[in-house]
There are 2 protein chains.
Amino acid sequence: MSVIQNIFNSRSEKDGNFFSYLTKILGFKPKVLKHYKKAFTHRSMGLKDDHGNPINYERLEFLGDAMLSSVIAGYLFSEVPGGNEGYLTKMRSKVVSRKHLNELGRDLKLIDHVSSTIPKTQFGANIHGNIFEALVGAIYLDRGYKYCERFINESVIVPYVDIEQLEGKVISYKSLLIEWCQKEKKEFDYEVYEDTGIDELKHFAVKLRINDKVIAKARATSKKKAEEAASKRGYYALQKKIAIR
Amino acid sequence: MSVIQNIFNSRSEKDGNFFSYLTKILGFKPKVLKHYKKAFTHRSMGLKDDHGNPINYERLEFLGDAMLSSVIAGYLFSEVPGGNEGYLTKMRSKVVSRKHLNELGRDLKLIDHVSSTIPKTQFGANIHGNIFEALVGAIYLDRGYKYCERFINESVIVPYVDIEQLEGKVISYKSLLIEWCQKEKKEFDYEVYEDTGIDELKHFAVKLRINDKVIAKARATSKKKAEEAASKRGYYALQKKIAIR
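What counts and what doesn't
Residues numbered from 1 in each chain as written. Chains lettered and ligands numbered in written order. Predicted model: local features only at pLDDT ≥ 70, side-chain atom pairs only at ≥ 80, totals over all residues. Heavy atoms only, no water. Helix = DSSP H or I, 4+ residues; strand = E, 2+ residues; numbered from the N terminus. Buried < 20%, exposed > 50% of the residue type's maximum accessible area, 1.4 Å probe, protein only. Contact = heavy atoms within 4.5 Å. Salt bridge = Lys/Arg side-chain N within 4 Å of Asp/Glu carboxyl O. pLDDT = per-residue confidence, 0-100. Axes fitted to C-alpha atoms, helices over the stretch in contact; angles between N-to-C directions. Nonpolar A, V, L, I, M, F, W, Y, C, P; charged D, E, K, R; others polar. Core = buried A, V, L, I, M, F, W, Y, C linked by side-chain atoms within 4.5 Å. Buried area = accessible area lost by both parts, 1.4 Å probe. Polar contact = N/O pair within 3.5 Å; in protein donor to acceptor, adjacent residues only side chain to side chain. UniProt positions renumbered as here; feature names shortened; annotations may be inferred. Pairing = 2+ DSSP bridges. Least-squares fit on C-alpha atoms with pLDDT ≥ 70 in both. Phe/Tyr/Trp six-rings, centres within 6.5 Å; stacked < 30°, edge-to-face > 60°.

1. Quick word on the overall build of chain A
Moving on, step 1. Per the secondary structure count, chain A includes 11 helices and three strands.
Moving on, step 2. When the helices and strands of chain A are placed in sequence order, the string is α-α-α-α-α-α-α-α-α-α-β-β-β-α.
Moving on, step 3. Per-residue burial for chain A yields a buried fraction of 47% across its 245 residues.
Moving on, step 4. The contacts in chain A between residues at least 6 apart in sequence include a share of 55% that link residues at least 24 apart.

Shown next, in the form of structure tokens:
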């Protein structure tokens, strides 16, 4: 056990890589690395601290889940001033749904950094969301509520949360936009102008042109998401113009 | 409607009293009074803001509930390092149970400050807990997460949360203490030395003596609670002494 603990506590090249990865996905430098290491440790490692308490991500999941819920509650409360208690509760459960959290965790490639003695192919589908929650818990321990809020805002709310889409009013901005272009007899195209597919964290940047004029740009972890995000921006930009006309 | 709104927005003697009451129960001065006014406004008042959104405590309940959950999660996480996810979830649900929140709200006499057009006797039992949650939501809006945490710590955790009691290991420290005194042939008595029962917020201070020596003091909103708190302190103080002997 003490050998495993030494490995866990040691500073190494692996730590350096982990630190760089975290800095990239968090948008800030982690202070106390051990919280994050715990968030990426599976129970199969059998690690224990000096008091005999297990070192793995499970308790951090509980903490992160709570922080996620309250940050999203705060966001929805201010974002939808007309939504009643029932509406807010329903919207929040959509944002923090298992499916959604798994998607977030998968996009951040969290699983690539998990320490485990069982093959990763044997993990269930929820591993992605669970590690994502644990990561939020680790941020809370390392930097407090404000940083949690900032991370959730940047990695959950901005790229993934769209009230209209959650309400089922808009299924896809891309199809809305295409429909509009066809009706108005405009040419449109989506151009991927940046593709860091070889990088550890894939990023795609997309330009949306209508009649050869760039209307919107967006960046996301898949081509599909970047196109959708660019379409959403384009859609609102066009709406403004149409209202002005 | 505008008359009601003016009443709602006006500064008055009533506001002054409300401000004093809040300062007393919060332990700090509120900055933006309107958040708290909302937390104490029942839907029967039919108030609406300039955008037509209702002004009452219901949305704040949603917000406060989320903040309560995450503050208690943070507390339990650090307080019980050996508790697994399931344990932490169970303990939290005990702390934030409807019954418990109603008790908290009742002790703070929140209902006395609620604006409503229906008689308060017609409110359900949950009004106390609902207003308590709304109050936490108002604190979050007024002062942020840190103050929420502080308030919940001082008004929920310190006086009401005892891990051993929640785990069902200790039902009553008073009975434990009495048992011990009888076994050890010691005399004991509880003396109420402060009783602000005439005050808006009742407070009782109790001294616990064993063989004429003051072992512990405690203050609470009922005689029973103050005795229990003094017993708990006395119990731990005695345990230390017994360990030293």
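That shown, we press on.
2. Regarding the pattern of salt bridges
Moving on, step 1. Going through the model one piece at a time under the given rule, you end up with 20 salt bridges over all chains.
Moving on, step 2. Among the ionic pairs, K37 of chain B bridges to D15 of chain B, the shortest N-O distance being 3.2 Å. Placement of K37 of chain B in helix α3 (residues 33–39) and of D15 of chain B in helix α2 (residues 13–26) is noted, with a sequence separation of 22 residues between them.
Moving on, step 3. Within the structure, one salt-bridge network assembled from shared partners comprises E103, D107 and K225 of chain A.

3. Some details on unusual backbone geometry
Moving on, step 1. For N211 of chain A, which is not glycine, the phi dihedral falls at a positive 50°.
Moving on, step 2. Here N211 of chain A is to be found in the loop between β2 (204–210) and β3 (213–220).
Moving on, step 3. Residue classification places N211 of chain A among the partly exposed positions, given a relative accessible area of 43%.
Moving on, step 4. Phi angles above zero are rare outside glycine, and K109 of chain B is one such case at about 55°.
Moving on, step 5. Note on placement: K109 of chain B falls in the loop between α6 (98–107) and α7 (127–143).
Moving on, step 6. Judged by relative accessible area, which is 27%, K109 of chain B ranks as partly exposed.

4. Digging into the confidence of the model for chain A
Moving on, step 1. Here chain A shows a mean pLDDT of 87. Residues at 70 or above account for 89%.
Moving on, step 2. Prediction confidence for the complex, expressed as pTM and ipTM, is 0.73 and 0.73 respectively.

5. Things to note about the packing of helix α4 (residues 58–79) of chain A against helix α5 (residues 85–95) of chain B
Moving on, step 1. With their axes 8 Å apart at the nearest point, α4 of chain A and α5 of chain B run at an angle of 35° to one another. Of the residues in α5 of chain B, those touching α4 of chain A at E58, R59, E61, F62, D65 and A66 of chain A are E85, L88, T89 and R92 of chain B.
Moving on, step 2. Partitioning the contact of α4 of chain A with α5 of chain B into residue classes produces three nonpolar, one polar and six charged.

6. Observations regarding the nonpolar core
Moving on, step 1. Counting 108 residues, the largest nonpolar core has F40, F132 and L135 of chain A together with F40, F132 and L135 of chain B as its most contacted members.
Moving on, step 2. The residues touching F132 of chain B, leaving out its near neighbours within four places in the chain, are L68, L101, L104, G105, L108, L110, F151, S155 and V156 of chain B.

7. Focus on the interface of chain A and chain B
Moving on, step 1. Facing the 28 residues of chain A at the interface are 28 residues of chain B.
Moving on, step 2. For the chain A and chain B pair, buried surface summed over both sides reaches about 2400 Å², with 64% attributable to carbon and sulfur atoms.
Moving on, step 3. In this assembly, chain A and chain B are joined by zero salt bridges.
Moving on, step 4. Seen at the junction of chain A and chain B, the total is 11 residue pairs in polar contact (both at pLDDT 80 or more).
Moving on, step 5. Of all the secondary structure elements, the ones that give two or more residues to the side of chain A that touches chain B are α4, α5 (85–95), α7 (127–143) and α8 (145–160) of chain A.
Moving on, step 6. In terms of residues, the side of chain A that touches chain B owes the most to one element, α4 of chain A, which gives 14 residues.

8. Digging into the UniProt feature "active site" (unreviewed entry) in chain A
Moving on, step 1. Under the UniProt annotation, the feature "active site" (unreviewed entry) is placed at D65 and E133 of chain A. For this annotated set, covering 69 residues, all C-alpha atoms fall within 5.5 Å of each other, a compact arrangement in space.
Moving on, step 2. Within the secondary structure, D65 of chain A is located in helix α4.
Moving on, step 3. The residues touching D65 of chain A, leaving out its near neighbours within four places in the chain, are E133 of chain A together with R92 of chain B.
Moving on, step 4. Assignment of secondary structure puts E133 of chain A in helix α7.
Moving on, step 5. For E133 of chain A, a relative accessible area of 2% puts it in the buried group.

9. A word on the sheet that holds β2 of chain A
Residues and elements named next belong to chain A.
Moving on, step 1. The three strands lie next to each other as β1-β2-β3, forming an open sheet whose pairing is antiparallel. Where the open sheet ends on each side, the last strands, each with one partner, are β1 (188–195) and β3. Strand-to-strand twist in this sheet, taken as the mean axis angle between neighbours without regard to direction, amounts to 20°.
Moving on, step 2. Relative to β2, β1 runs antiparallel, the two sharing seven bridges. By the bridge assignment, F188 is partnered in β2 with I210.

10. What about the side chain of D107 of chain B?
Moving on, step 1. Residue position: D107 of chain B is located in helix α6.
Moving on, step 2. A distance of 2.4 Å separates the side chain of D107 of chain B from the side chain of K225 of chain B, its partner in a polar contact.

11. Observations regarding the relation of the copies chain A and chain B
Moving on, step 1. Structural alignment of chain A on chain B gives an RMSD of 0.1 Å, achieved by rotating through 180° and translating 0.0 Å along the axis. Overall, the copies show the geometry of a two-fold rotation axis. Rotation axis and chain A: the residue whose C-alpha lies nearest the axis is S70 of chain A, separated from it by 3.3 Å.
Moving on, step 2. By residue overlap, the copies meet face to face through one surface: 100% of the interface positions of chain A are interface positions in chain B.

12. Digging into the sheet that holds strand β2 (residues 204–210) of chain B
By definition, the strands of a sheet pair up through backbone hydrogen bonds, in either a parallel or an antiparallel sense.
Residues and elements named next belong to chain B.
Moving on, step 1. Ordered by their spatial adjacency, three strands build an open sheet running β1-β2-β3, and the pairing between neighbours is antiparallel. Strands with a single pairing partner mark the edges of an open sheet, and in this sheet they are β1 (188–195) and β3 (213–220). Adjacent strand axes in the sheet meet at a mean angle of 20° when their direction is disregarded.

13. A short note on the packing of aromatic side chains
Residues and elements named next belong to chain B.
Moving on, step 1. Enumeration over the complete set of coordinates arrives at 13 aromatic pairs over all chains.
Moving on, step 2. Their ring planes at 85° and their centres at 5.2 Å tell us that F18 and F40 sit as a pair that is edge-to-face. Highlighted residues: F18 in helix α2 and F40 in the loop between α3 and α4 (58–79), separated in sequence by 22 residues.
Moving on, step 3. Taking the relative accessible area as the measure of exposure, F40 reaches 1% and is therefore buried.

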